[in-house]
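Descriptive structure summary
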Amino acid sequence: MHPMHPIATTPSPPYYAVIFTSLKSPGDDGYSQMADRMVELVEHQEGFLGFESAREELGITVSYWKDEASIKRWKAHVEHREAQKTGKSKWYEAYTIRIAKVEREYSLAPRGS
């Protein structure tokens, strides 16, 4: 994936968060390449604000969006739909997607910033 600060920089609320929590199937079988491609694509989507991701046994990716219409456009993107289909059939044992409206945020800047 592209190098970036691990904590997304988001605008003042309100905005939306899509929380993708997953259990991956064993092996890679093209997963890494597709994940990299999805990062390339999503970064150019209208309304995309950033993302944060971590994977151990449980994977959690949170993407941030300007509005619900932007989320719907990303869900319907042709290449993203193909990744969704392959994810269901090959890459994930289980997953849950939650969509939330962010109304408040608080943060601590990294030391030395």
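All values reported here derive from a predicted model rather than from experimental measurement.

Here we take up the pattern of salt bridges. Taken as a whole and assessed by the stated rule, the structure comprises four salt bridges. Across the salt bridge formed by Glu 40 and Arg 37, the nearest N and O atoms sit 3.2 Å from each other. Highlighted residues: Glu 40 and Arg 37, both in helix α1 (residues 31–42), separated by three residues, approximately one helical turn. Of the charged contacts in the structure, one is a salt bridge between Glu 46 and Arg 73, with a shortest N-O distance of 3.9 Å. On the criterion of sequence distance, the pair formed by Glu 46 in the loop between α1 and β2 (48–55) and Arg 73 in helix α2 (residues 68–76) is long-range, its members being 27 residues apart.

With that settled, the discussion passes to the environment of Lys 72. Here Lys 72 lies in helix α2. Between the C-alpha atom of Lys 72 and that of Ala 100, which follows or precedes it by 28 residues, the distance is 13 Å.

So, about the packing of α1 against helix α3 (residues 78–91). Contact geometry for α1 and α3: axes closest at 11 Å, N-to-C directions at 150 degrees. Classified by the interaxial angle, the pair formed by α1 and α3 is roughly antiparallel. The hand of the α1/α3 crossing is left-handed. In this structure, α1 contributes Tyr 31, Met 34, Arg 37, Met 38 and Leu 41 to the contact, and α3 contributes Glu 79, His 80, Ala 83 and Trp 91. When the residues that make up the contact of α1 with α3 are grouped by side-chain class, the tally is six nonpolar, one polar and two charged.

A cluster of nonpolar residues, Leu 23, Leu 58 and Ile 60, forms a patch on the protein surface that exposes about 220 Å² of accessible area. Structurally, the position occupied by Leu 23 is in strand β1 (residues 15–24).

Along an α-helix, residues three or four positions apart point the same way, because every turn accommodates 3.6 residues. Here α3 is 14 residues long and its end C-alpha atoms lie 18 Å apart, about the 20 Å a rise of 1.5 Å per residue gives. Among the residues making up α3, those that are buried are His 80, Ala 83, Thr 86, Gly 87 and Trp 91. Projected onto a plane normal to the axis of α3, the buried residues spread over an arc of 120 degrees and lie on a single side. Structural note: α3 exposes Val 78, Lys 85, Lys 88 and Ser 89 on the side pointing more than 90 degrees away from its buried face. Buried residues in α3 make contact with β1, α1, α2 and β4 (92–102).

Pairing analysis gives seven bridges linking β2 to strand β3 (residues 59–65), with the strands arranged antiparallel. Within β3, the residue paired with Ser 53 across the bridge is Thr 61. Taking the residues between adjacent antiparallel strands as the criterion, β2 and β3 are bridged by three residues.

Time to look at the nonpolar core. One finds Tyr 16, Val 18, Met 38, Val 39, Leu 41, Val 42, Phe 48, Phe 51, Trp 65, Ile 71, Trp 74 and Ala 83 forming the largest nonpolar core, which totals twelve residues. The set of elements that each furnish at least two residues to this core consists of β1, α1, β2 and α2. The dominant element in this core, judged by the number of residues it contributes, is α1, at four residues. For Trp 65, the residues in contact, after removing those within four places along its chain, are Tyr 15, Tyr 16, Val 18, Val 42, Gln 45, Glu 46, Gly 47, Phe 48, Leu 49, Ser 70, Ile 71 and Trp 74. Membership of the second largest hydrophobic core comes to six residues, among which are Ala 8, Ala 17, Tyr 64 and Val 102.

Reading the values: rules and limits
Just so you know, the residues in each chain are numbered from 1, in the order the chain's sequence is written. Only residues with pLDDT of at least 70 get local features here, since the model is predicted, and only at 80 or more are side-chain atom pairs given and counted; chain-wide, interface and lining totals rely on the full set of residues. The side-chain values count all of the structure's non-hydrogen atoms but skip hydrogen atoms and water molecules. Any carboxyl oxygen of Asp or Glu within 4 Å of a side-chain nitrogen of Lys or Arg constitutes a salt bridge here. In DSSP terms, a helix is any run of H or I states spanning at least four residues, a strand is any run of E spanning at least two, and both are numbered starting from the N terminus. For helices, the fitted axis covers only the stretch in contact; all axes are lines through C-alpha atoms, and the angles between them, taken along N-to-C directions, range from 0 to 180 degrees. Oblique is the label for every angle not falling under 35 degrees (roughly parallel), over 145 degrees (roughly antiparallel), or within 65 to 115 degrees (roughly perpendicular). Left-handed is the label given to a crossing in which the near helix is rotated counterclockwise from the far helix by less than a right angle, and right-handed is the label when the rotation is clockwise. Here, two residues are considered to be in contact whenever any of their heavy atoms come within 4.5 Å of each other. Basically, the charged four are Asp, Glu, Lys and Arg, the nonpolar ten are Ala, Val, Leu, Ile, Met, Phe, Trp, Tyr, Cys and Pro, and anything else, Gly included, counts as polar. Patch membership needs two things, relative accessible area over 30% and no salt bridge, and members are linked within 9 Å if like-charged or within 5 Å if nonpolar (Val, Leu, Ile, Met, Phe, Trp, Tyr). Areas reported here follow the Shrake-Rupley algorithm with a probe of radius 1.4 Å; residue values treat only the protein chains shown as occluding. Working rule for helices: expected span equals 1.5 Å times residues minus one. Each residue is assigned to one of three classes by its accessible area relative to the maximum for its type, calculated with a 1.4 Å probe on protein chains only: buried under 20%, partly exposed between the two thresholds, exposed over 50%. It is the directions from the helix axis to the C-beta atoms that the arc portrays. Any two strands with at least two DSSP-identified bridges between them are counted as paired. Here, nonpolar core refers to any group of buried Ala, Val, Leu, Ile, Met, Phe, Trp, Tyr and Cys residues whose side-chain atoms link them within 4.5 Å.

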